[in-house]
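A structural walkthrough
As a plain string of letters, each chain reads:
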Amino acid sequence: MPVLALGVSFRRAPVALLERLTFADEDYPKAYHHLSGLDPVREAVILSTCNRVEVYAEVPRYHEGFQEVKRFISEARDIPVEEFVEPLYSHYEDQATEHLFSVAAGIDSMVLGEPQILAQVRAAVRRAESEEASGPVLSTLFRRAARVGTRARRETAIGASPSSFVEAGASLAATRLGGLEDRSLLIIGAGKMGELAIRSLQQRGMGRIRILNRSLERAARVAAHVGAEFGTLDDLGMALGEADLVVSSTGSTGVVVSLETVEKAVEGRTRPLFLLDLGVPRDIDSGARNIAGVAVADIDDLREILMSERAGVEEEVAKVRSLVAAETKKFATAKRAARLAPLIEALRQRGEEVRARELQRLAPRLAHLAEGDRATVEALTRGIVNKLLHDPVVRVKDLSGVSGDYSKALAELFDLPSPPEE
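Below is a short write-up of the structure. Keep in mind the model is a prediction, meaning the values are calculated, not measured.

Quick notes on the nonpolar core
- Core analysis: the biggest nonpolar cluster contains 100 residues, and Phe165, Ile211 and Leu245 have the highest contact counts within it.
- For Ile211, the residues in contact, after removing those within four places along its chain, are Ile187, Ala190, Ile198, Ala219, Val222, Ala223, Val226, Ala228, Glu229, Phe230 and Gly231.
- Counting 20 residues, the second largest nonpolar core, distinct from the first, contains Leu212, Leu240, Ile291 and Val296.

A word on the packing of aromatic side chains
- In the structure shown here, the tally under the stated rule is seven aromatic pairs.
- Ring centres 6.2 Å apart and planes at 10° place the aromatic pair Phe23 and Phe72 in the stacked group. Taken as a pair, Phe23 in the loop between α1 (15-21) and α2 (28-36) and Phe72 in helix α3 (residues 62-77) lie far apart in primary sequence, 49 residues in all.
- Judged by relative accessible area, which is 5%, Phe23 ranks as buried.
- Residue class for Phe72 comes out buried when judged on its relative accessible area of 1%.
- Three or more aromatic residues joined by ring pairs make a cluster, and in this case those are Phe23, Tyr28, Tyr32 and Phe72.
- A cation over a ring is seen here: Arg127 above Tyr28, with NZ or CZ 4.0 Å from the ring centre.

Digging into unusual backbone geometry
- The residue Glu93 is not glycine, and still its phi comes out positive at about 55°.
- Relative to the helices and strands, Glu93 resides in the loop between β4 (89-92) and α4 (94-105).
- For Glu93, a relative accessible area of 15% translates into the label buried.
- Although it is not a glycine, Asp182 sits at a positive phi angle of roughly 65°.
- Looking at where Asp182 falls in the secondary structure, it is placed in the loop between α7 (165-177) and β5 (185-188).
- A relative accessible area of 67% means that Asp182 is categorised as exposed.

As for the side chain of Glu54
- You can see Glu54 is positioned in strand β3 (residues 52-58).
- Given a relative accessible area of 0%, Glu54 falls into the buried group.
- One polar contact links Glu54 to Tyr56, side chain to side chain, over a distance of 2.7 Å.
- A distance of 2.5 Å separates a polar atom in the side chain of Glu54 from a polar atom in the side chain of Tyr89.
- Each residue touching Glu54, except ones within four places of it in the same chain, is listed here: Leu6, Gly7, Val45, Ile46, Leu47, Tyr89, His99 and Val103.

Quick notes on α4
- Compared with an ideal rise of 1.5 Å per residue, which puts twelve residues at 16 Å, α4 spans 16 Å between its outermost C-alpha atoms and is within 8% of the ideal.
- Taken across its twelve residues, α4 has nine buried, putting it largely inside the fold.
- If you check which residues of α4 are buried, you get Ala96, Thr97, His99, Leu100, Phe101, Ser102, Val103, Ala104 and Ala105.

A short note on the pattern of salt bridges
- Scanning the model with the defined rule gives 34 salt bridges in all.
- Between Arg20 and Glu83 there is a salt bridge whose closest N-O contact spans 2.8 Å. Highlighted residues: Arg20 in helix α1 and Glu83 in the loop between α3 and β4, separated in sequence by 63 residues.
- Assessed through its relative accessible area of 38%, Glu83 is described here as partly exposed.
- One continuous salt-bridge network, built from bridges that share partners, spans Glu19, Arg282, Arg289, Asp298 and Asp301.

So, how was this worked out
- Residues numbered from 1 in each chain as written.
- Predicted model: local features only at pLDDT ≥ 70, side-chain atom pairs only at ≥ 80, totals over all residues.
- Heavy atoms only, no water.
- Core = buried A, V, L, I, M, F, W, Y, C linked by side-chain atoms within 4.5 Å.
- Buried < 20%, exposed > 50% of the residue type's maximum accessible area, 1.4 Å probe, protein only.
- Contact = heavy atoms within 4.5 Å.
- Phe/Tyr/Trp six-rings, centres within 6.5 Å; stacked < 30°, edge-to-face > 60°.
- Helix = DSSP H or I, 4+ residues; strand = E, 2+ residues; numbered from the N terminus.
- Lys NZ or Arg CZ within 6 Å of the ring centre and 35° of its normal.
- Polar contact = N/O pair within 3.5 Å; in protein donor to acceptor, adjacent residues only side chain to side chain.
- Expected span 1.5 Å × (residues − 1).
- Salt bridge = Lys/Arg side-chain N within 4 Å of Asp/Glu carboxyl O.

This is the structure:
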């Protein structure tokens, strides 16, 4: 059956909406149970990242699938449909394939070629499989998408884009703080984004670096790699007061840095404090923007900078788009071939049965032939059948799903089982 992709992304939705739509780890079991219970949904995968929230579903028909999945998003995130319907987009069948391939290739992200999305695509399908929500259709699609993403980065320079959340935020911070050399850096969250931030900012000459994380063990492990101090979130108030630049990316579902904590941290302070919030949902209370001497930048603030930097890599984006288009066509062809394989095999079997039956009927008249001559007759009749069936087989592959369901017509003409619905 066809695949539908329904979602909301950074392109048209503010971070405030994206963070409300985001699925946390603990949300998935209930969400997949809900999805699997929807009548039109045969398989489903949820892809939730800082750039997007998308649901991929195998459905029998577009309209029915669209309405049910849209309702699912509303109910699962407890958000009225009218609040996200304007930025909501949908892709169907080959367009859904092309969209997912583009996402995995990194050309549908705020940061072109971002490395995290490949791991997120792989993790999304593994999670769906563990919840018994994804099957042969979507598992195959997502794994092909991961291969396309890998190929895009290997064969083009899309992954070498200088754009990144951290670098864009660092540029804003440098302007606000009057430079970053010897400034004190506080990282909240010891995940991949936090480690990326440290390595990038170290190159800008930042001085003291401290990492705070819920898990002290994880903070210590990352700190050992980058030469930083470490602690738990219990140290947050004191650490804020000593920092010049704070980068937060925890993956938490709620506010980590409260307004009250920031107010206490800057009480009596004369130097500025820059808070860079890379979390979706956001980690830092947005009210901190109103505190004198405090500047806050989140994903929305970085959007304009990152999008403006795309101009310099349009040639690489064009290469990736071409690769994605070719891979989409190849995947669609393989999918049609797999769908039509039983029909084509049945057609060839029918031809072979007719050939064998006619040879059997004429066997008495061919009995006088030498063994070599009988083999020639066998080869001749087999070749005639194959040549007669060749063009119809090629044409039904080419036309299937393009201009009418010729596969059904072929099945009816030869009284064969109809192929499954696309």
